[in-house]
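Structure assessment
Listed below, chain by chain, are the residues.
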Amino acid sequence: MFAVVSLPQFVLQAALRHEPELWKKPVALVDPTRNTPTVCDFTPAAADAGVTLHLTPTQAMARCGSVMIRHRSPARETAAMEAVIHCAYGFSPHIEATAPGVVTLDLRALSRLIDATTETLMVWANELRHALRDQGLQASVGVGPTPNLARHAARWGSGVEIINAPRAFLDGLPVAALEPSADAATILDKWGIRTVGELLALGQESLADRLGLEALALFSAASTSVTRPLHLAQPAERFEESFEFDPAIETLEPLLFILRRFVDQLCARLEFTAVVAETVCLRLQLENGQVVERPLRVPQPTREADTLFRMLSTHLESVRTEAAILSVGLTISPIQAQQRQFGLFETVLRDPQQFQETLARLAALVGSDRIGTPVREDSHRPDAFKLIPPDFENAPPASGRKTPSLLESPAIRRLRPPALAAVNSDPSNGQPLAVRCSLADGKLKVAIGPWRTSGNWWENTGWSREEWDAATLRGKVVRLVRQEAGWTIEGLVD
Amino acid sequence: MQAADNILKLRQLLEARLPHVRVGWREAPPALEAVPSGIPALDVLLEGGFPRGEFTEVVGTGDGSGSAQVLHALLRRVAADGQFLALVDGADSFDVQAEDRDTLSHLLWVRCTSADEAFKAADLLLRDRNFPLVVMDLKLNPATQLRKVSASVWYRWARLLEQNQTTVVIISPFSVVSGAACRVELDSRLGIETLSQSPAEVAGRLRFTLQRSATAAATDSGETRRTG
């Protein structure tokens, strides 16, 4: 058993995917890549107004003054096709990208559909259609014993078409479904052959004598038993949506509106492919040609649409652009979801979902590299640390200080980045005598040191430093550091 | 004087006739559950620690006030209790090297670059029901940034604390919190010899002055107490 998803007017659907309200208005799609751009598709309202194929935009507007011209976009068609494939992958692991807007699914060995009744198949197909509708795509689904029959059912049926009696279905199918050549179609028309059933009644051999090899292709396309191996496709690991505003926007509301739609659709696609979002990259193209791009790392990878959207909206609240926004793009980098066992009786967090959302919003506010649980790095370099996602559920108990008391040192206040300082030092031993800086100024009462450390000398990232703890006459205690670049103040006692 | 005497007589009469009705402010306030600070002297001063579900402001005046020691002592105590805290670091000055890995694993550190960013981050954390303790460290933020903070922020946050029972400790260079349940001034004048002492020894040198207390305000708001 095979199923085929077919999107009628795929090119136009891809172009209007994020503007579904335009389907009720006269819209003509123009292919700008041709030497003379002409109308390649249009909405029913435009057809009612007299717009036809191959008109130039000027001719189309002459026939219908209110017609809206939209340009065909290969990028949007690719994005729409990826959305179809992601949805289809959620319903069957064996899928084929048969043609633009057409995807074939192999339903054999799907446990849910083994010995399925027509009603079960109907429910399954409608779920697939609803999933595609959530992606802004209208599709028809055909289910049949062969890929070709399923495709005929999807293309010529309405909504969902389940083929229970293949021969009866072919009897009523127009010959045009087999896509004969123009010559063959003319001949068959003159013979009075209108349906596939009438064509098959002629017999393969006798028809081949008259039409040649094309007759074999027509019979193969109408076969109720011959299947073909599918060219299996893997869903792309790219989750991307984009939209161009016309006219350019200057406020946040329309941007958030379209982003919400993007996030909902992309999260549904993440769910179909069983992955979660690791990074969300927001790209804004401005009218002045500038591109504002901001990758946002999700602290706890998730596919919760609310969490990701609030993260984006929090970030955008602090964004000010120099010009109006011409287009917006959203790309999600996926990662495999981590499975974790929760405690049986209690958890440390009252509301783990809320916690993830708060983390995401904080990351959007301060930057994903500036929030988390600090971990000291395995290095002798002072203040070497990294931030990892917090995991309070599995945090080890800190029952007491494990560091020997001799190695304990009181905390200081770190300055990040360190403050540049001008230091007068004793030429004989390098001991600092006076410091001039925005934080401390004047002669030093005492300076203790030096403590020299170095590391990574075997790499390009080698470092070497000399530390002094010093107190000014006014009682301010600072940590002075001398490196190749000069003196800095890296910390204060407080 | 005559009016005051009349008021006193009226109160006595009401207490005698209606003993179940609360009259005046002489009734003892409800005991506040407290979060231990990790510094015994400060816990004694605050009668148990930082009051839960309230603001406490630790004002570190001058250089070497000891505010960083308070922050780290609180983190160690929280980690030892198996709890966790969120630190909104207004000037990104937290010293990671002073703590071991197990203690750090109980910390959520938000590294901000300005007071404005810190207040936005704290707002998000206070709206989250998961954090029992939020520390906001504004000690190194410039006074110009702190003076721009609207007083309505504290009023709004107080409503959030009532709902979530979150304890908030704000470390600042001067008094910025209006409506804090407790305000402790810290002026320890730690010198260079501090760097050769253990954290416990340094904690013993900290000097606190209690300027305002939730319980003291109920009994005697004019008194300030010192320790250290």
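If you're wondering where the values come from, they're calculated on a predicted model, not measured in any experiment. (Residues numbered from 1 in each chain as written. Chains lettered and ligands numbered in written order. Predicted model: local features only at pLDDT ≥ 70, side-chain atom pairs only at ≥ 80, totals over all residues.)

1. As for the overall build of chain A
The cut-off we apply is this: Secondary structure is summarised from DSSP: a helix means a run of H or I of at least four residues, a strand means a run of E of at least two, and numbering begins at the N terminus for each. With C-beta atoms placed from the backbone, a contact is any residue pair whose C-beta atoms sit within 7 Å.
Each helix and strand in chain A was counted, giving 14 helices and 21 strands. Sequence-distant contacts, at least 24 apart, represent 59% of the contacts inside chain A between residues at least 6 apart.

2. Some points on the overall build of chain B
The condition is simple: For the exposure call, what matters is how many other C-beta atoms sit within 10 Å of a residue's own: 20 or more marks it buried, 12 or fewer exposed, and in between partly exposed, using C-beta atoms placed from the backbone.
The number of helices and strands found in chain B is nine helices and 10 strands. Going through the 228 residues of chain B one by one, you find that 47% of them count as buried. Considering only intrachain contacts with a sequence separation of at least 6, the fraction spanning at least 24 residues in chain B is 69%.

3. Observations concerning helix α5 (residues 118-134) of chain A
Given 3.6 residues per turn, any residue in an α-helix points the same way as the ones three and four places further on. All names here are of chain A. The following threshold applies: To estimate how far a helix should extend, the number of its residues minus one is multiplied by 1.5 Å. Directions pointing from the helix axis toward each C-beta atom define the arc.
Along its 17 residues, α5 runs 24 Å from first to last C-alpha, staying within 8% of the 24 Å computed at 1.5 Å per residue. Turning to α5, its buried residues are Leu121, Trp124, Ala125, Leu128, Ala131 and Leu132. Buried residues in α5, looked at end-on, bunch into an arc of 115°, giving them a common side. Relative to its buried face, α5 has exposed residues pointing more than 90 degrees away, namely Glu119 and His130.

4. Topic: the interface of chain A and chain B
What counts is decided by this rule: The residue classification treats Ala, Val, Leu, Ile, Met, Phe, Trp, Tyr, Cys and Pro as nonpolar and Asp, Glu, Lys and Arg as charged. All others, Gly included, are polar. Two strands are counted as paired when DSSP detects at least two bridges linking them.
Opposite the 51 residues of chain A that make contact, chain B presents 53 residues. Looking at the side of chain A that touches chain B, the elements with two or more residues in it are α14 (352-366), β13 (371-376), β14 (385-388), β15 (413-420), β18 (441-455) and β19 (463-472) of chain A. For the side of chain A that touches chain B, the element with the most residues is α14 of chain A, which contributes seven residues. Across the side of chain A that touches chain B, the residue classes break down as 26 nonpolar, 10 polar and 15 charged. In the sheet, β13 of chain A pairs with strand β5 (residues 107-111) of chain B via two bridges, with the strands oriented antiparallel.

5. As for the packing of helix α12 (residues 252-272) of chain A against helix α13 (residues 305-317) of chain A
Residues and elements named next belong to chain A. Rules: Axis definition: a line fitted to C-alpha atoms, limited for helices to the stretch in contact. Angles are taken between N-to-C directions and run from 0 to 180 degrees. By the definition adopted for this analysis, an angle is roughly parallel if under 35 degrees, roughly antiparallel if over 145, roughly perpendicular if from 65 to 115, and oblique otherwise. Rotating anticlockwise by less than a right angle from the far helix to the near helix defines a left-handed crossing, while the corresponding clockwise rotation defines a right-handed one.
Look at α12 against α13: their axes get within 9 Å of each other, and the N-to-C directions meet at 150°. Taken together, the axes of α12 and α13 are roughly antiparallel relative to one another. In this structure, the crossing between α12 and α13 has a hand that is right-handed. Counted together, Leu252, Leu255, Leu256, Leu259, Arg260, Val263, Asp264 and Cys267 of α12 and Ala305, Leu308, Phe309, Leu312, Ser313 and Leu316 of α13 form the full contact between these two elements. Looking at the contact of α12 with α13 residue by residue, the class counts come to 11 nonpolar, one polar and two charged.

6. Description of the pairing of strand β8 (residues 182-186) of chain B
Residues and elements named next belong to chain B. The element β8 is extensively covered by neighbouring structure, given that five of its five residues are classed as buried. Of the two faces of β8, the one lined by Cys182, Val184 and Leu186 and the one lined by Arg183 and Glu185 are each fully buried. Sheet topology note: the strand β3 (residues 55-60)/β8 ladder contains five bridges and is parallel. Bridging across to β8, Val58 finds its partner in Val184. One ladder, built from four bridges, connects β8 with strand β9 (residues 208-212); its direction is antiparallel. When the bridges of β9 are listed, Glu185 appears paired with Thr209.

7. Focus on the confidence of the model for chain B
For clarity, the cut-off: Every residue gets a pLDDT, meaning the predictor's confidence in that residue, from 0 to 100.
For chain B, per-residue confidence averages 84 on the pLDDT scale, and residues scoring 70 or more make up 86% of the total. Scored as a whole, the predicted complex attains pTM 0.67, and scored at its interfaces, ipTM 0.82.

8. Some remarks on the pairing of strand β6 (residues 133-137) of chain B
The two faces of a sheet get side chains in turn, since along a regular strand they alternate between them. Residues and elements named next belong to chain B. The buried fraction of β6 is high, at four of five residues. In this sheet, β6 lies alongside strand β4 (residues 85-89) in parallel orientation, the contact comprising four bridges. Paired with Leu87 across the bridge in β6 is Val135. Of the pairings in the sheet, the one linking β6 to strand β7 (residues 167-172) comprises five bridges and is parallel in character. For Val134, the partnering residue across the bridge sits in β7 and is Val168.

9. Regarding the environment of Ala45 of chain A
Residues and elements named next belong to chain A. Among the structural elements, Ala45 can be located in helix α2 (residues 44-48). Sequence separation of Ala45 and Lys24 is 21 residues, and the distance between their C-alpha atoms is 6.3 Å. Each residue touching Ala45, except ones within four places of it in the same chain, is listed here: Lys24, Lys25 and Pro26.

10. Some details on unusual backbone geometry
Of note, the amide linkage connecting Arg416 of chain A to Pro417 of chain A takes the cis form, showing an omega dihedral of 0°. Positionally, Pro417 of chain A belongs in strand β15. In this structure, the amide linkage connecting Gly449 of chain A to the following residue, Pro450 of chain A, adopts the cis form with an omega of -5°. Along the chain, the position of Pro450 of chain A falls in strand β18. Backbone geometry places Gln165 of chain B, a non-glycine residue, at a positive phi of 60°. Inspection of the secondary structure assignment puts Gln165 of chain B in the loop between α7 (152-164) and β7. For Arg189 of chain B, which is not glycine, the phi dihedral falls at a positive 50°. Turning to its location among the elements, Arg189 of chain B is positioned in the loop between β8 and α8 (199-205).

11. Digging into the environment of Gly48 of chain B
Residues and elements named next belong to chain B. Its location among the elements puts Gly48 in the loop between α2 (40-45) and β2 (50-51). Looking at Gly48, the number of C-beta atoms within 10 Å reads 17, which means it is partly exposed. Placed 15 residues apart in sequence, Gly48 and Glu33 show a C-alpha to C-alpha distance of 8.0 Å.

12. What about the sheet that holds strand β5 (residues 95-99) of chain A?
All names here are of chain A. Overall, mixed pairing links the five strands, which are arranged β5-β6-β1-β7-β8 in an open sheet. The sheet is open, and its two edges are formed by β5 and β8 (160-162), each paired on a single side. Across the sheet, the axes of successive neighbouring strands diverge by a mean angle of 20°, strand direction being ignored. For strand β1 (residues 2-6) and strand β6 (residues 102-106), the ladder comprises five bridges, and the chain directions are antiparallel.

13. Some words on the sheet that holds strand β3 (residues 39-42) of chain A
Residues and elements named next belong to chain A. As summarised here, the arrangement of the three strands in space is β3-β2-β4, forming an open sheet in which the pairing is mixed. Each end of this open sheet is capped by a strand with a single partner; those strands are β3 and β4 (68-71). Going across the sheet, the axis of each strand differs from the next one's by a mean of 35°, ignoring polarity.

14. Quick word on the packing of helix α4 (residues 74-89) of chain A against α12 of chain A
Residue and element names in this part refer to chain A. Two elements in contact, α4 and α12, have axes separated by 8 Å at closest approach and are oriented at 40°. Put simply, α4 runs oblique to α12. As for the relative orientation of α4 and α12, their crossing is left-handed in sense. Across the interface between the two elements, Ala83, His86, Cys87 and Tyr89 from α4 touch Gln265, Arg269 and Phe272 from α12.

15. Re the nonpolar core
Our working definition: In these notes, a nonpolar core means any group of buried Ala, Val, Leu, Ile, Met, Phe, Trp, Tyr and Cys residues linked to one another through C-beta atoms within 7 Å.
If you look at the biggest cluster of nonpolar residues, it comprises 115 residues, and the most contacted ones within it are Val280 and Leu480 of chain A together with Leu87, Val88, Val110, Ala121 and Val134 of chain B. In this view, Val110 of chain B contacts Leu362, Val366 and Ile371 of chain A together with Ala86, Leu87, Val88, Asp89 and Ala121 of chain B; residues no more than four positions away in its chain are not counted. Listed in part, the 65 residues of the second largest apolar core include Val4, Ala80, Leu121 and Phe219 of chain A.

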